[in-house]
Amino acid sequence: MNFLRGVMGGQSAGPQHTEAETIQKLCDRVASSTLLDDRRNAVRALKSLSKKYRLEVGIQAMEHLIHVLQTDRSDSEIIGYALDTLYNIISNDEEEEVDDVEEENSTRQSEDLGSQFTEIFIKQQENVTLLLSLLEEFDFHVRWPGVKLLTSLLKQLGPQVQQIILVSPMGVSRLMDLLADSREVIRNDGVLLLQALTRSNGAIQKIVAFENAFERLLDIISEEGNSDGGIVVEDCLILLQNLLKNNNSNQNFFKEGSYIQRMKPWFEVGDENSGWSAQKVTNLHLMLQTINTVSEVIRGYQVNQDYFASVNAPSNPPRPAIVVLLMSMVNERQPFVLRCAVLYCFQCFLYKNQKGQGEIVSTLLPSTIDATGNSVSAGQLLCGGLFSTDSLSNWCAAVALAHALQENATQKEQLLRVQLATSIGNPPVSLLQQCTNILSQGSKIQTRVGLLMLLCTWLSNCPIAVTHFLHNSANVPFLTAQIAENLGEEEQLVQGLCALLLGISIYFNDNSLESYKKEKLKQLIEKRIGKENFIEKLGFISKHELYSRASQKPQPNFPSPEYMIFDHEFTKLVKELEGVITKAIYKSSEEDKKEEEVKKTLEQHDNIVTHYKNMIREQDLQLEELKQQVSTLKCQNEQLQTAVTQQVSQIQQHKDQYNLLKIQLGKDNQHQGSYSEGAQMNGVQPEEIGRLREEIEELKNNQELLQSKLTEKDSVIENLKSSQTSGTNEQSSAIVSARDSEQVAELKQELATLKSQLNSQSVEITKLQTEKQELLQKTEVFAKSVEVQGETQTVIATKTTDVEGRLSALLQETKELKNEIKALSEERTAIKEQLDSSNSTIAILQTEKDKLELEITDSKKEQDDLLVLLADQDQKILSLKNKLKDLGHPVEEEDELESGDQEDEDDESEDPGKDLDHI
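Bear in mind that the values here come from a model prediction, so they are computed numbers and not experimental data.

Colleague: Outline the overall build of the chain, listing residues and values.
Modeller: Scanning the chain for helices and strands turns up 39 helices and four strands. Buried residues in the chain amount to 46% of all 919 residues. Pairs at least 24 residues apart make up 73% of the contacts formed inside the chain by residues separated by at least 6 positions. On the chain, roughly 47,200 Å² of surface is accessible, and the fraction owed to carbon and sulfur atoms is 50%.

Colleague: Let's hear about the nonpolar core: which residues, and what values?
Modeller: The biggest cluster of nonpolar side chains holds 179 residues, and the ones touching the most others in it are Leu150, Ile165, Leu175, Leu431, Trp458 and Leu500. The residues that make up this core include at least three from each of domain 1 (212-267 + 276-298) and domain 2 (397-587). Setting aside chain neighbours within four positions, we find Trp458 in contact with Leu405, Lys412, Leu415, Leu416, Leu431, Leu432 and Ala465.

Colleague: Can you tell me about the packing of helix α28 (residues 489-507) against helix α30 (residues 531-538), naming the residues and giving the values?
Modeller: Direction vectors running N to C along α28 and α30 enclose 115°, while the axes themselves pass 7 Å from each other. Relative to α30, α28 is oriented so that their crossing is left-handed. Residue-level inspection shows Gln495, Gly496, Ala499, Leu500, Leu502 and Gly503 of α28 in contact with α30, the latter providing Phe534, Lys537 and Leu538. Tallied by class, the residues present in the contact of α28 with α30 amount to five nonpolar, three polar and one charged.

Colleague: I'd like a description of the environment of Ala278, backed by residues and values.
Modeller: Within the element layout of this structure, Ala278 appears in helix α16 (residues 278-298). Looking at Ala278, the relative accessible area reads 63%, which means it is exposed.

Colleague: Kindly report on the pattern of salt bridges, identifying the contributing residues and their values.
Modeller: Per the counting criterion, the structure on display carries 18 salt bridges. Among the ionic pairs, Arg174 bridges to Glu136, the shortest N-O distance being 2.8 Å. With Arg174 in helix α10 (residues 171-176) and Glu136 in the loop between α7 (125-134) and α8 (140-156), this residue pair connects regions lying 38 residues apart in the sequence.

Colleague: Account for a nonpolar patch on the surface, with residues named and values stated.
Modeller: A surface patch of nonpolar side chains, amounting to about 260 Å² of accessible area, comprises Ile608, Tyr612 and Ile616. Along the chain, Ile616 turns up in helix α33 (residues 589-670).

Colleague: Provide a residue-level description of helix α13 (residues 213-223), including the pertinent values.
Modeller: Regarding α13, the residues found buried are Ala213, Phe214, Leu217, Leu218, Ile220 and Ile221. Summarising the axial view, the buried residues of α13 lie within an arc of 155°, below the 170-degree limit, and thus occupy one face. On the buried face of α13, the contacting elements are α10, α11 (184-198), α12 (202-210), α14 (231-244) and α15 (248-256). Note on α13: the residue one or two positions beyond its end, Gly225, has a positive phi of about 100°.

Colleague: Residue-level account of the confidence of the model for the chain, with values.
Modeller: Detail in the predicted coordinates should be disregarded across regions flagged by low pLDDT. Of all residues in the chain, 71% have pLDDT values of 70 or greater, and the mean over the chain is 78. In this model residues 95-101 is a low-confidence stretch, pLDDT under 50, and it forms three contacts with partners more than four residues away in sequence or in other chains. Overall, residues 894-919 carries pLDDT values under 50, and its contacts beyond four positions in sequence, including any with other chains, amount to 19 contacts.

Colleague: Tell me about helix α24 (residues 431-440), residues and numbers included.
Modeller: By the criterion of burial, α24 is predominantly enclosed, with seven of the ten residues buried. Positioned one or two residues after α24, Gly442 has a phi angle of 70°, which is positive.

Colleague: Explain the packing of aromatic side chains to me, using residue names and the numbers behind them.
Modeller: According to the stated counting rule, one finds twelve aromatic pairs in the structure shown. Ring pairs connect the aromatic residues Phe210, Phe214, Phe253, Phe254 and Tyr259, which therefore count as one cluster. In this arrangement the basic side chain of Lys148 is found over the ring face of Tyr87, its NZ or CZ atom lying 5.1 Å from the centre.

Colleague: Explain unusual backbone geometry to me, and be specific about the residues and the numbers.
Modeller: Glycine aside, negative phi is the norm for most residues, and most peptide bonds take the trans geometry. The phi dihedral of Lys352 falls on the positive side, at around 55°, and the residue is not glycine. Mapped onto the elements of the fold, Lys352 is located in the loop between α19 (336-350) and α20 (354-362). Residues other than glycine seldom take positive phi values, yet Asn511 does so here, at roughly 60°. Of note, Asn511 is situated in the loop between α28 and α29 (518-528).

Colleague: Before we move on, can you summarise the side chain of Asn201 with the specific residues and values?
Modeller: As for its position among the elements, Asn201 is in the loop between α11 and α12. Note on Asn201: relative accessible area 12%, which makes it buried. Within the structure, the side chain of Asn201 is placed 3.3 Å from the side chain of Gln162, a separation counted as a polar contact.

Colleague: Which residues make up the packing of helix α17 (residues 302-310) against α19, and what are the values?
Modeller: Viewed as axis vectors pointing N to C, α17 and α19 meet at an angle of 125°, and their least axial separation amounts to 9 Å. Taken together, α17 and α19 sit at an angle that is classed as oblique. Seen along the crossing, α17 lies across α19 with a hand that is left-handed. Of the residues in α19, those touching α17 at Gln305, Phe308 and Ala309 are Cys345, Cys348 and Phe349. Looking at the contact of α17 with α19 residue by residue, the class counts come to five nonpolar, one polar and no charged.

Colleague: An account of the side chain of Gln347 is needed here, citing residue identities and associated values.
Modeller: Within the secondary structure, Gln347 is located in helix α19. Here Asp567 takes part through its side chain, which lies 3.1 Å from a polar atom of the side chain of Gln347. Here Gln347 is in contact with Val399, His403, Pro554, Pro556 and Asp567, once residues within four sequence places are set aside.

Colleague: Run through the state of the cysteines, naming residues and quoting values.
Modeller: For the structure on display, the rule yields zero disulfides. Free cysteine Cys435: the closest other cysteine sulfur is in Cys383, separated by 8.2 Å.

Conventions we followed
Residues numbered from 1 in each chain as written. Predicted model: local features only at pLDDT ≥ 70, side-chain atom pairs only at ≥ 80, totals over all residues. Heavy atoms only, no water. Helix = DSSP H or I, 4+ residues; strand = E, 2+ residues; numbered from the N terminus. Buried < 20%, exposed > 50% of the residue type's maximum accessible area, 1.4 Å probe, protein only. Contact = heavy atoms within 4.5 Å. Areas by Shrake-Rupley, 256 points an atom, 1.4 Å probe, with all protein chains shown as cover. Core = buried A, V, L, I, M, F, W, Y, C linked by side-chain atoms within 4.5 Å. Domains from an automatic or database assignment. Axes fitted to C-alpha atoms, helices over the stretch in contact; angles between N-to-C directions. Left-handed = near helix turned anticlockwise from the far one by under 90°. Nonpolar A, V, L, I, M, F, W, Y, C, P; charged D, E, K, R; others polar. Salt bridge = Lys/Arg side-chain N within 4 Å of Asp/Glu carboxyl O. Patch = residues over 30% accessible without salt bridge, like charges linked within 9 Å, V, L, I, M, F, W, Y side chains within 5 Å. Arc of directions from axis to C-beta. pLDDT = per-residue confidence, 0-100. Phe/Tyr/Trp six-rings, centres within 6.5 Å; stacked < 30°, edge-to-face > 60°. Lys NZ or Arg CZ within 6 Å of the ring centre and 35° of its normal. Polar contact = N/O pair within 3.5 Å; in protein donor to acceptor, adjacent residues only side chain to side chain. Parallel < 35°, antiparallel > 145°, perpendicular 65-115°, else oblique. Disulfide = S-S within 2.5 Å.

So, in structure tokens, the structure goes:
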């Protein structure tokens, strides 16, 4: 401060020039001094002068202060002084007292200065970007004055500053970090900053919402004690309103998240007898106005409506939150704004919510009323408000109960069961009758309008309710008397509503009461009122000045209670019924009869159509199940075919390896020139085995042909399924279903047969391979018998041993593959049995059966051809055996071959020379 005293030392020379000169000297020092301490002291002095000499400091020092923010960021102290000085220049907050006479002029001048300095500051958008970057500094002396300065800029020229922040990279995200600051001062001022930032800017509101603003604000409200919290809770609620009001995107985001559930603790108000502070009242009012916004979130959204119905207030005994809210709505001591907010929330809860409507009406029924009187239900509160001495409570309760009946014929009929005990010793009366009794007593207009709206909603589209209403002989005379009188303008609305109620009683009359049939009521109108006069009185409703205002939007928005006349949903009902009632009044009895006949015919037709629709729906379900079964079986079939193909490929590989080994063995034997007989035998045996291989290939081709036919039959199944879906009536659907199911069963049976044939072929192939191996073994035995001593004999024996080992391994693998094929065959048989069981109830269609039998006959012919091929193979094998016999080898019959193989080998090994002598 010594520097400041030195600068201010010459103040006595001229008081008018001292301040400006001092500020000029300080600005020069900030601009020219090379020492950071000097610049810091100069900025601190400007800060102390900026409140009293705002204009002078702003004009001379703003440019220098912005330069300090750009160049001295490393020193948090001088940055803090510069931000505080700029805040004092731009902000319109007045801390000094002013006279009442000068207050208005001072305020206007202050606002003008703030706007002008803000415009100068944001003219260079880089200044706002610079300020946003400074908010990333964690230092308290930088972040806090930066938050206050940016808030002041937004208050002065909000739209312009919002646009700059919106286009700044990560601008909004930087500001959202303020809500997570552990220092409450910065966090709370950050809430005020976001209030100004989100005001009337939908784009920024969306960004803030998706930056997790709802979660953070609800956390702050919870930390501060919900409704018992202080001004911070109020600020958070205002920010929530900014984010949700008139912003469908944020409302949907709030609805889809878990945020509505977190509102439950807001209404934990504790003991009702305890006094509430002014701040708590303010918080609750704001919470309820948020309710107005969130009401749109639960409006028509079943999940949130169900949760809202399950919320309980922590009272003793516990009470549903709906009950607590209705207590406020029917309490005439509660503020008007609060009562409107509760009514709208209740309406949104019931909107397109038949389950909620049923729950509300059920609380009025005798079976659900608590006989002990220990708890208050929603229905009891509505009835209490309906018959209260407060006309606003009457109107709110009537409208709320009408919403419980909206587009719900079941609850309209249920409400007819409600009985009310009017006084001790007198029998109970129905709720419907009590409403008409109050109408006839000449209560206030607001009460009568509310009751008439309830009755019109109740009776519309409900002939049973109309019958109950007409059953009281006093109701129709009362309505006709009200309509026929010439009353003042204030009563014209009531006359119009009475005309609407009487018109509903005609239009929805089922003629079950002889004395009040449609034609008799129309004759009564023509005689007592006149049709033209009736239609004119009916038109008073839509011509009322408050009708158009209520029809604009669902939310009740009334400046005062006396404007609370029409409900939005009721205006839609009037618009729907006004025209049809007018036509009904002018219709003749013959036209009514024709219309009734048409209605009955249409009802019968609708019933028939509904019956067929239900049957078709059931058949569709059955067809879908069958399709799923067929699809499952097809998948299993494809899997099994794939496995068989893989196994066939493996078998082919083994055959190729076997043939390669035979060729190698033949080449080795050709080197033995001294044993021409052995060479000749080896020359004959591979030739015969080659022939057998060709025959095996033919069998394989036949197998593939059968598989292709199976594929074609699968396509037939798909075509039958398609024709099954295209059925247009009940009978054709049943026929096609039976036909397809039978085809599926027969095709699957045929599939199992064909697979069995394939297994038989595989067995025959294996048998042929076994015989070839036996021939090979005998050849090798013969080769061993003519071996000579020496090196040649050792080489041949080694190669023969290797061949035998490899052949043994191939035989083992072939055996394993046979086992796998057998397991697959058993599995296919089990699948076939399941399919036969599921389709056992479906009839057989002869025409399609004949077609399939033809295909089966063809398959049997193919099977016979295969058997012929196998017989030829047996003949060739027999020929090979004869050749072996010709060569001098004894060959036994098939049934003795296996038992004799070992003995032959033993004999030949014991006396190899014997066979040589024989040859």
